[in-house]
Amino acid sequence: MRRRLIWGLLAGCLFACRPASENTLNPPTQKILDKLHDLKGKGTLIGHQDALAYGVNWAYEPDRSDIKETVGDYPAVFGWDLGGIGRDKNLDGVPFGKMSQWMRWVHQSGGINTISWHTYSAFDGVDSWTTDHEQVIHMLPGGKAHHRFNQQLDQVASFMHQLRDETGELLPILFRPFHENNGNWFWWGQNHCTTEEYRLLFRHTIDYLKNKKALDNLIVVYSPDTKFNTEEEYLERYPGDEWVDIIALDNYADFRTKTENIEAAIQRLSIVGKIAKSRNKLAALAETGRENLDADNWFTEKLLPVLQANEYTQSTSYVLLWRNGRPDHFFAPYPEHESATDFKSFYANPKTWFLNDFARGNAVASGE
Ligand code: BMA
């Protein structure tokens, strides 16, 4: 415990003295951030993880997307994951080279890229789910795995540095590291590190990428899981306003068959919206979905009512549906699936925005 206290004090001082971003955002990133602020409260962008890479019963075929094939339009937000960075493919088999090409296409097409990071442990080299002993403490400054952790950050930075637009600016990225930290399934989870250690890990990551690696394209998303019922509980491990741009939540539990609780989903998203409003941040439902869409009209009867419940939930900037990984693990519809009809109604609702709405600037008009 004493060791931890000294750590905390030392590292706390280090970070207290260093602002999160000595550099400001580059013009395309600032533009996205401003646009999201302008659209706040008028509608919600719909996103999908790995949308262009694969879907149910297909993989790595050009110009495909399950959402596009269902409604004739792409999602507005495209999720990617850097788990496994340094190898050829990420943890879900997506080649990093192709990911870069798709991310450039998304940006050119007027969409938004968001990156999560199922970080492999720098301490024991295993994946994100390695939780049998403490990891975070060893990755902090002075720890045995700190150097290796920084090498991983170098790999993240070099991946991001080659993502540039035609003028050479880095592509805007909504970066969401160390998500679902109030659960216990990842090594950065609640029971595997102290609050202070978690905050230091998060701050070190952002500080290193923004300041040491000069990445001026990062809009930072903080996204715990559902284990909170009050604003105080949500903020328990929050790294601080200077480190975060988007206050978010990952919520599967309140939509899952066995634990479904739509009132709780509304309450939690309202808390997120309230915190975002009081701190002049954006709000998001950074990961969600009903696995395998086994509930009738899930989009119009569950998700949409949650998004439209009150002024706070209505301020949700975007929702990201998780990946269509396999026929028994998908969260967005595909044309043959029975949820396709419901998803078309969801698409037609003026408060849900897809790529055409966002890219062509119709979002405000259609939302008013
Ligand atoms: C989980 C599942 C896994 C996947 C992981 C990281 O929710 O989809 O199959 O490997 O996310 O993307």
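Residues numbered from 1 in each chain as written. Predicted model: local features only at pLDDT ≥ 70, side-chain atom pairs only at ≥ 80, totals over all residues. Heavy atoms only, no water.

## Comments concerning the nonpolar core
Stage number 1. Grouped together as the largest cluster of nonpolar side chains are 89 residues, with contacts concentrated most on L82, F159, M160 and L303.
Stage number 2. Setting aside chain neighbours within four positions, we find M160 in contact with L82, I115, L170, I173, F175, L215 and L218.
Stage number 3. One finds L36, I112, Y252 and A363 within the second-largest nonpolar core, a separate group that totals 24 residues. (Core = buried A, V, L, I, M, F, W, Y, C linked by side-chain atoms within 4.5 Å. Buried < 20%, exposed > 50% of the residue type's maximum accessible area, 1.4 Å probe, protein only. Contact = heavy atoms within 4.5 Å.)

## Some details on the site of the ligand
Stage number 1. Close contacts around the ligand come from L91, D92, H118, W129, W322, R323 and H329, and that covers them all.
Stage number 2. The side chain of D92 places a nitrogen or oxygen atom 2.5 Å from an oxygen atom of the ligand.
Stage number 3. Interatomic distance of 2.6 Å between a side-chain N/O atom of H329 and an oxygen atom of the ligand.
Stage number 4. Considering the ligand on its own, with 310 Å² of exposed area, one finds that the protein chains cover 75% of that surface.
Stage number 5. At a threshold of 2 Å from the grid points, most atoms of the ligand map onto the largest pocket.
Stage number 6. The class makeup of the residues in the shell around the ligand is three nonpolar, two polar and two charged. (Near = heavy atom within 4 Å. Polar contact = N/O pair within 3.5 Å; in protein donor to acceptor, adjacent residues only side chain to side chain. Areas by Shrake-Rupley, 256 points an atom, 1.4 Å probe, with all protein chains shown as cover. 1 Å grid on protein atoms, 1.4 Å probe; cavity = no way out; pocket = protein on both sides within 12 Å on 5 of 7 lines; lining within 4 Å. Sits in = over half its atoms within 2 Å of the grid points. Nonpolar A, V, L, I, M, F, W, Y, C, P; charged D, E, K, R; others polar.)

## A short note on the packing of aromatic side chains
Stage number 1. With the rule as written, the count across this model stands at 30 aromatic pairs.
Stage number 2. On the basis of an interplanar angle of 80 degrees and a centroid distance of 6.2 Å, the ring pair of F78 and W105 is categorised as edge-to-face. Remark: W105 occurs in helix 4 (residues 96–108) and F78 occurs in strand 4 (residues 77–81); sequence separation between them is 27 residues.
Stage number 3. On the accessibility criterion, W105 (31% relative accessible area) is partly exposed.
Stage number 4. Between F330 and Y334, the ring centres sit 5.4 Å apart and the planes meet at 75 degrees, which makes this aromatic pair edge-to-face.
Stage number 5. Joined through ring pairs, the aromatic side chains of W117, W129, F149, F178, W185, F186, W187 and W188 make up one cluster.
Stage number 6. The lysine or arginine in question, K35, covers the ring of F358, its NZ or CZ lying 4.0 Å from the ring centre. (Phe/Tyr/Trp six-rings, centres within 6.5 Å; stacked < 30°, edge-to-face > 60°. Helix = DSSP H or I, 4+ residues; strand = E, 2+ residues; numbered from the N terminus. Lys NZ or Arg CZ within 6 Å of the ring centre and 35° of its normal.)

## With respect to the pairing of strand 8 (residues 246–251)
Stage number 1. Across the six residues of strand 8, six count as buried, placing the element largely inside the fold.
Stage number 2. Judged by which residues are buried, strand 8 turns out to be covered on both faces: I246, A248 and D250 on one side and I247, L249 and N251 on the other are all buried.
Stage number 3. The sheet contact formed by strand 7 (residues 218–222) and strand 8 spans two bridges and is parallel. For V221, the partnering residue across the bridge sits in strand 8 and is I246.
Stage number 4. Looking at chain direction, strand 8 and strand 9 (residues 282–288) are connected through six bridges and run parallel. Bridge assignment links N251 to a residue of strand 9, and that residue is T288.
Stage number 5. Following the backbone out of strand 8, through helix 9 (residues 262–278) and into the adjacent parallel strand 9, one traces a crossover that is right-handed. (Pairing = 2+ DSSP bridges. Right-handed = clockwise from strand over helix to strand, strands pointing away.)

## Some words on the environment of A264
Stage number 1. Among the structural elements, A264 can be located in helix 9.
Stage number 2. For A264 and N229, which are 35 residues apart along the polypeptide, the C-alpha to C-alpha distance reads 8.5 Å.

Distances and angles like these do not, on their own, reveal function.
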